[in-house]
Amino acid sequence: MEVNMLKNNLHSDESMKWCRIMATCFLICILGTPYTSGQERNCACSDSASFAAAVKEKLVAHAFWFPYGMDTMQYFSYWMPGDILLESGKVVRNESIRYHGIMDALLWFRSSDHQTAVIEKEQVAGFNLYKKDGSLYARFRKMRLRKELSSDSADFFLQVLTEGPVSLYKLNRVELVRNTGRMEKRPRYYLLYKDEMSLFRPARRNLLDRMGEEKEQMRLLLRRNHLWVSQEEKLIRALNLFNSAVAKSQP
Amino acid sequence: MIRMTHKLLVFLLLPAIVWLLPALTGTEIVCAQNRNIHSTGMYLEQTFAQTDRDYYVTGEFLRYGIFVFNPSAPGENVQSKILYISLFNQNLYPVLTWRSNFTGNISAGEMKLPDTLSSGVYYLAAYTSFMRSLPLSYIAFKPLFISALTDDNFTEFQVREIVAPEAEGIVPEAGNSLRASEKTAVRGTTDIHKEASSIVNLFTEKDSIVTRGSLKVRINPGTLHPGETARVSVRIVRKVPFSFILSEGTNSADSDSSAQEVAEIKLPLIGEQIPSASAARSTACRYVTENEGYLLSGTVSNPVTATPLRSKLVTLTVPDSIPFLDYSFTDSSGRFCFVLSPVLDNRSLCLQMLDGDTVRENINWQIDSKCLPVASGKAMTIRWNQEQIKAWDEIRSVGLINLVYALDSVPEHEKVTLPLNRPFYYTADRRVVPADFSPLDNFREVAENLLLSVRYRKKDENYFIRILEPGRQSFWPPDRRILLNGVFYDDLASLAGKGSKQIRYIDIVNRRLLFGDLTFNGLLSLVTTDGEIPPSYLARHACTLENKVYLPGRSFNTSNVPAYPLPDFRLGLYWNPVIRIHSDNAEEWVVHASDIPGAYRIEVCGITSSGRRVEVFKDIVVLENGSQHAEK
């Protein structure tokens, strides 16, 4: 009797084992099928082998020789993942780039052979730098302007601080101090209002002078929010508030 | 025993479950351009073609309007940007193929029919590269009758059923080929929806006019919904005692048919073969959509061993004074791929393989064809009756008169190219124009006296160049490649004879140039005054091809009314490939009759933004000036 019961138990154990195996196989099938079938279908594309590489825009750059040594002051940031907006309207995504303040140039770290190069400015319309978490760190746009004491206008990479009816841009200039070899950050701000772009020194009076008809509105806004516009963050906040107020007032 | 049963169950059931699961769970996915699209919202493309007439004489212009749309979302723009148009002869061989860029779902143009065509039924097929992956029913096949001027005793012709080739296209599994009733059902799912009520209304101020008279024609929106737009092509053509339609009821089993009593000649319907699940899987993404530009792809192999050349650098250059460069690395099967931008339209292209500092010679280049693969199905012979022969003789005579006497206002296919704005390296470090200096006889003198940062030397019977590296004030390693008129050239010995007279200018890039994944240790670009590259060099070191694109550069809204008192023998009174009818507007225009009296037909065909098909017809009569009866 006991032997029979043992046999039955053994038998039922084996049945359970097979059932478990079948259930496991079934689950594997359910979970695995969409992936495997997707793979099967992808491999049928005769043109897709080098299609992705063919579509990708080619960056044109010249080797960078570190003419200013290794001082990190010359750079805007560390190497960061970024998108490069080209003049052709296309975008080259996720390249290691950084901005060089002395040369006003976009540097590119080519990961395939670890070469550092200066991207042709003519090719680029702007670029975005991203943090590691994927959030936007800084946005640059190539704009044509004439620097003071300069006879002709030229293209510069300006950091976009705010954009709207009133836009604020920053030229992250780094200059070599004469006879010392030191580098110094000397940023310049440019305010774009009513299609007129000009150099702007962050100060309450300068801002109000530039606002023209909206001078009183800006004055009220600064007073209510206790904003000290000589500081960059507060200036950006003031302009953002002004832009959103203008946007609300327009139908 | 039970264990065995369990094992059997596992081994038998598992494959069945794996096979059935996609169908059971509804995960039927097809891929278009590396995207998985569920079958419910599958991306498709379909074409609809209309021509200014159905009958032509060789040497005449064939005018066409092609609508390209997504049958699942007809109001939206399609992804493809390149359209291929082929003219197949009665043996279903493409006798004429051209390519066109299109935007806004419409492509219109005209093509001169070559004199070499023989008389018979032809098919105008319009397709995108992606549509070659789809069943043939998505592709517009417009039957046309073309007569050669010399075929006097042409009384019968052959037509064939168009089917997808089994070897290349969709392979039907056993029992998967459809009956006629099933074809209709399938066509209904893919074809645009037809409606009995009139979506647009066609009005004429009168039903008959005299020769050289004028007639006002108006199209009003009918049952167009608010916001819905109809895009239609309009033609007014002389009625003839024959017309060609693709029909399912054609009795092609006996392979012989006479058109004695019928004015409507029914041609066999395109063979409709629905892909099986496995075939759909393997063919659904066979061709990607050309949404970025024309896709130039191919294979490179060794001409002796026929083995594919793997991981090699293939460059695309253009013989031009402004160098253009693109490149592609071959994959494991020797395949390369380029997406051509519109600036390369109607230019000569040069494919080369760079190997170290030389340009590799003697390579077997195989460029992928964009032809539509079709095969011939059942054939049937159609014979003209007396009335049809008479009508056809008249058409041919009128065609001949028009070719000889009519003002040929339509220009030949013009070669339109866009200028290349700047070289691929953007700015050179130095440009030297030898004509600005004292004349120098050969390239060695030019290099020594004018190109101070370049060394042109000969060592061990080989010429090479070295370019000064600016950062380190030393020379880059020797290189045997330069750009001669925009193309990579490594026969530096042949440059020795080029002096100030032959050279237009020389661009020198001293810095290390990075172009995508490529690196150039300096670059020398030489542009000659004659702009030529030795043909013998190109034959050995390059694959040259013409990137011909048809660029319609003018409006095709035409009545082609000749300046009187010239005789006017037009059989087509009006042709406009694209008219947009909105729900709140109407279109009106004036049509001028020709000198040929008879019955004419106004045909308005097209589709609406919601996918409804527009087909409106109206007959008018052109009476002979002074007589009361029209010559039918």
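Note that the structure is predicted; figures quoted are calculated from it, not measured.

A. Layout of the sheet that holds strand 23 (residues 335-340) of chain B. Residues and elements named next belong to chain B. One open sheet holds the three strands; their spatial order is 23-20-26, and the pairing between them is antiparallel. A strand with exactly one partner marks an edge of an open sheet, and here the two such strands are strand 23 and strand 26 (364-367). Between one strand axis and the next, the sheet turns by 25° as a mean value, whatever way the strands run. Pairing of strand 20 (residues 294-301) with strand 26, which is carried by four bridges, proceeds in the antiparallel orientation. Note that in strand 26 the partner of serine 301 across the bridge is asparagine 364.

B. Spatial organisation of helix 5 (residues 232-249) of chain A. Residue and element names in this part refer to chain A. Taking 1.5 Å per residue as the helical rise, helix 5 with its 18 residues ought to reach 26 Å, and the 26 Å between its terminal C-alpha atoms agrees with that figure. Taken as a whole, helix 5 has its buried residues at Leu235, Ile236, Ala238, Leu239, Phe242, Asn243 and Val246. Along the axis of helix 5, the buried positions cluster into a sector of 160°, meaning they face one direction only. Along helix 5, exposed side chains directed more than 90 degrees from the buried face belong to Glu233 and Lys248. Looking at the packing, one finds that the buried side of helix 5 touches strand 8 (154-162), strand 9 (166-171), strand 12 (188-193), strand 13 (196-200), helix 3 (204-211) and helix 4 (215-225).

C. Examining the confidence of the model for chain A more closely. Considering every residue of chain A, the mean pLDDT works out to 82; 80% of them sit at 70 or more. Low pLDDT, under 50, characterises residues 29-46 of chain A; the predicted model gives this stretch 31 contacts beyond four residues in sequence or across chains.

D. Just the nonpolar core, in detail. Residue and element names in this part refer to chain B. The biggest cluster of nonpolar side chains holds 108 residues, and the ones touching the most others in it are Phe141, Val200 and Leu351. The element that contributes the greatest number of residues to this core is strand 9 (residues 120-127), accounting for seven residues. When neighbours within four sequence positions are excluded, valine 200 is seen to be in contact with Ile219, Asn220, Pro221, Gly222, Leu224, Ala230, Ile581, Val604, Val614 and Val616. Counting residues in hydrophobic clusters, the runner-up holds 46 residues, among them Val432, Leu450, Trp476 and Phe488.

E. Seen up close, the pattern of salt bridges. All names here are of chain A. Taken as a whole and assessed by the stated rule, the structure comprises 46 salt bridges over all chains. The shortest N-O distance in the salt bridge between arginine 141 and glutamate 163 comes to 2.6 Å. One end of the pair, arginine 141, is in strand 7 (residues 136-145); the other, glutamate 163, is in the loop between strand 8 and strand 9, with 22 residues separating them in the sequence. Of the charged contacts in the structure, one is a salt bridge between arginine 186 and glutamate 175, with a shortest N-O distance of 2.3 Å. Of this pair, arginine 186 sits in the loop between strand 11 (183-185) and strand 12 while glutamate 175 sits in strand 10 (residues 174-176); the two residues are 11 residues apart in sequence, bridging distant segments of the chain.

Criteria and thresholds
- Here the residue index of a chain counts from 1 through its sequence in written order.
- Chain A is the first chain written and ligand 1 is the first ligand written, with later ones labelled in order.
- Side-chain atom pairs in this predicted model are given and counted only at pLDDT of 80 or more, local residue features only at pLDDT of at least 70, and totals for whole chains, interfaces and linings cover all residues.
- Side-chain numbers here rest on the full set of heavy atoms in the structure, without hydrogens or water.
- Whether two strands pair depends on DSSP finding at least two bridges between them.
- Counting from the N terminus, the helices are the DSSP runs of H or I reaching at least four residues and the strands are the DSSP runs of E reaching at least two.
- Axis definition: a line fitted to C-alpha atoms, over the contacting stretch in the case of helices. Angles run 0 to 180 degrees between N-to-C directions.
- To estimate how far a helix should extend, the number of its residues minus one is multiplied by 1.5 Å.
- Working definition: with a 1.4 Å probe on protein chains only, accessible area under 20% of the residue-type maximum means buried, over 50% means exposed, and in between means partly exposed.
- It is the directions from the helix axis to the C-beta atoms whose arc is reported.
- In this description, contact between two residues means that some pair of their heavy atoms is separated by no more than 4.5 Å.
- For every residue, the predictor assigns a confidence score, pLDDT, that lies between 0 and 100.
- Grouping buried Ala, Val, Leu, Ile, Met, Phe, Trp, Tyr and Cys residues that are joined through side-chain atoms within 4.5 Å yields what is termed a nonpolar core.
- Here a salt bridge means any side-chain nitrogen of Lys or Arg lying within 4 Å of a carboxyl oxygen belonging to Asp or Glu.

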